[in-house]
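Chain and residue survey
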Amino acid sequence: MKPRVAVIGTGGTISSMGTGPLDILDYLANGTVLDVNGLLARIPEAALVADVVPVPFRAIPSTQLAWPEWKELLGLCHRLAAEDPKLAGIVITHGTASLEETAYFLSLTLKISIPVVLVGAQRPASALSGDGPMNIVNAIRVAADPTARGLGALVLLNDEIQAARDVTKTSTLRMQTFRTADFGALGHADGDMIAWYRKPIRKIAPDTEFDVSGLEALPRVDIAYCYAGADGAAIDAFVAAGAKGIVTAGFAPGYVTPAMVKAGEAAVAAGVKLVLSSRAGSGRTFRTERADKSGFISADNLTPQKARILLSLALTKGLDHDGIRRVFATY
């Protein structure tokens, strides 16, 4: 008997139809995005590996997905698992632009242990030699694999299984765009088997402290990008806009300009939590005497966009400086 896997469709490149098989760049101008039923109808091979249950959601680019859609997706995953005890796993088709952020949010907030696998594509559904069909089939295979249980949300593209916390998009066009720079993939979806090689150590769903079910919004957290000569205008503007937290995308290994330090210290004095991340995409930002004196917190090795999500969730719990530092050392 084949395992049952739900496939939630949210749109993105993987569901987009260009004007022809060679339209692999400007396909969004065509304005045609398949819903999950239309997408799966083009991939009959998916039925060879699982009993697939299509679940419509949105047919939009991932640039339009944020907190409202995250919360709705979270609730939908919980409902599907509760209503179907025989469900082996869930796949979410997603645009690659913000896929890693949705995945990390879910990996911190899901309260179910069945696998949730996010999958995207670098080429549209209409493309010659598109990567979407095989990605979807492999995502279904991973979601149905018992070894994937309890690993938090996972990301599957290019035959590689990645942890939501660690993976990031590294190339605009290449097939191997999703990479885990510091640690590598968890495993591979090979033709003969799902081959696993490591498991995440940091705390992940379903055993996390974050519960967003009763929230109408997440606390505002912004990202201030550091560059040579950067002043404190962005940090000042974010504070004026009501930010409760700010993440800096600093020089590796996390330093920012003196002007940004000054603005950051003023933000901290006003009650804003400030977390130091790096724009490098790899490696830790570490605790220093200078950062401690300023009241700044290290993001560990999280990218700025991931640190923003974790800080926002930490703020929902009303954690103080030391509590937020603990969260970044735990997740």
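Residues numbered from 1 in each chain as written. Predicted model: local features only at pLDDT ≥ 70, side-chain atom pairs only at ≥ 80, totals over all residues. Heavy atoms only, no water.

**So, the pattern of salt bridges**
Formally: In what follows, salt bridge is the name for a side-chain nitrogen of Lys or Arg lying within 4 Å of a carboxyl oxygen of Asp or Glu. Secondary structure elements are taken from DSSP: a helix is a run of H or I of four residues or more, a strand is a run of E of two residues or more, and numbering for both begins at the N terminus. Note on classification: 1.4 Å probe, protein chains only; a residue is buried when its accessible area is under 20% of the maximum for its type, exposed when over 50%, partly exposed between these limits.
Tallied over the entire structure, the rule returns 15 salt bridges. Between Glu-72 and Arg-58 there is a salt bridge, and its shortest N-O distance comes to 2.7 Å. Here the residue Glu-72 occupies a position in helix α2 (residues 67-83), and Arg-58 occupies one in the loop between β4 (51-56) and α2, the gap between them amounting to 14 residues. For Glu-72, a relative accessible area of 38% corresponds to the partly exposed category. The exposure class assigned to Arg-58 is partly exposed, which follows from its relative accessible area of 28%. Residue Arg-287 is joined to Asp-292 by a salt bridge in which the shortest nitrogen-to-oxygen separation is 2.8 Å. A single salt-bridge network, built from bridges that share partners, covers Arg-165, Asp-166, Arg-198, Arg-202, Arg-284 and Asp-300.

**Describing the nonpolar core**
Note the following rule: For our purposes a nonpolar core is just a set of buried Ala, Val, Leu, Ile, Met, Phe, Trp, Tyr and Cys residues, chained together by side-chain atoms within 4.5 Å. Throughout, a contact is declared for two residues whenever any of their heavy atoms are within 4.5 Å.
Ranked by size, the top nonpolar core spans 53 residues in total, and within it Ile-8, Ile-90, Phe-105, Leu-310 and Phe-328 carry the most contacts. Put simply, the parts of the chain that give this core at least two residues each are β1 (4-9), α2, β5 (87-93), α3 (99-109), β6 (116-119), β7 (153-157), α8 (304-316) and α9 (321-330). Setting aside residues up to four positions removed in sequence, Ile-8 forms contacts with Val-36, Val-55, Phe-57, Leu-73, Leu-76, Cys-77, Leu-80, Ile-90, Val-91, Ile-92 and Thr-93.

**Looking at the sheet that holds β1**
The cut-off we apply is this: In this scheme, strands are said to pair when DSSP sees at least two bridges between them. Orientation is described by axes fitted as lines to C-alpha atoms, over the contacting stretch for helices, and by angles from 0 to 180 degrees between their N-to-C directions.
Strands sit in the order β4-β1-β5-β6-β7-β8-β11-β12 across an open sheet of eight strands; the sheet is mixed. Where the open sheet ends on each side, the last strands, each with one partner, are β4 and β12 (194-196). Averaged over all pairs of adjacent strands, the angle between their axes in this sheet comes to 25°, without regard to strand direction. The pairing of β6 with β7 spans four bridges and is classified as parallel. Paired with Val-117 across the two strands is Leu-154, which belongs to β7. The strands that α3 touches are β5, β6 and β7; relative to β7, the one it contacts most, it runs at about 155°.

**What to know about the packing of α2 against α3**
In plain terms, the rule: For classification purposes, an angle smaller than 35 degrees is called roughly parallel, one larger than 145 roughly antiparallel, one from 65 to 115 roughly perpendicular, and anything else oblique. Definitions for this section: a left-handed crossing has its near helix turned counterclockwise from the far helix by less than a right angle. A right-handed crossing has that turn clockwise. For this classification, Asp, Glu, Lys and Arg are treated as charged, while Ala, Val, Leu, Ile, Met, Phe, Trp, Tyr, Cys and Pro are nonpolar and the rest, including Gly, are polar.
Where α2 meets α3, the closest approach of the two axes is 10 Å, and the angle between their N-to-C directions is 50°. Relative to α3, the element α2 lies oblique. Read as a crossing pair, α2 and α3 show a hand that is right-handed. Where α2 approaches α3, its residues Trp-67, Trp-70, Lys-71, Leu-73, Leu-74 and His-78 are matched on the opposing element by Glu-101, Thr-102, Phe-105, Leu-106 and Thr-109. Its residues assigned to classes, the contact of α2 with α3 shows six nonpolar, three polar and two charged.

**Things to note about α8**
Filter applied, for reference: To estimate the expected span of a helix, subtract one from its residue number and multiply by 1.5 Å.
Taking 1.5 Å per residue as the helical rise, α8 with its 13 residues ought to reach 18 Å, and the 19 Å between its terminal C-alpha atoms agrees with that figure. Most of α8 sits out of view: ten of its 13 residues are buried. Those residues of α8 not exposed but buried are Pro-304, Lys-306, Ala-307, Ile-309, Leu-310, Leu-311, Ser-312, Leu-313, Ala-314 and Leu-315. At its buried positions, α8 is contacted by α2, α3, β13 (221-225), β14 (245-250), β15 (273-278) and α9. Gly-318 lies just past α8 and shows a positive phi near 65°.

**Section: a nonpolar patch on the surface**
Operational definition: Residues form patches when they are more than 30% accessible in relative terms and have no salt bridge. Like charges link within 9 Å. Nonpolar side chains (Val, Leu, Ile, Met, Phe, Trp, Tyr) link within 5 Å. Methods summary: accessible areas were calculated by the Shrake-Rupley approach with a probe of 1.4 Å, and residue burial reflects only the protein chains presented.
Nonpolar side chains collect at one region of the surface, where Ile-24, Leu-25 and Leu-173 lie side by side and expose about 270 Å² of accessible area between them. Tracing the sequence through the fold places Leu-173 in the loop between β9 (168-169) and β10 (178-179). Its relative accessible area of 41% is what places Leu-173 among the partly exposed residues.

**Examining the sheet that holds β14**
Working definition: the strands of a sheet are paired by backbone hydrogen bonds and lie parallel or antiparallel to each other. Strand order in the open sheet made by the four strands is β13-β14-β15-β16, with parallel pairing throughout. The open sheet terminates on both sides in strands that have one partner only, identified here as β13 and β16 (297-298). Where β15 lies against β16, two bridges are found, and the strand directions are parallel. Bridge assignment links Leu-276 to a residue of β16, and that residue is Ser-298. Here α8 sits on the sheet in contact with β13, β14 and β15, set at roughly 160° to β14.

All quantities given are derived from atomic positions and should not be read as evidence of function.
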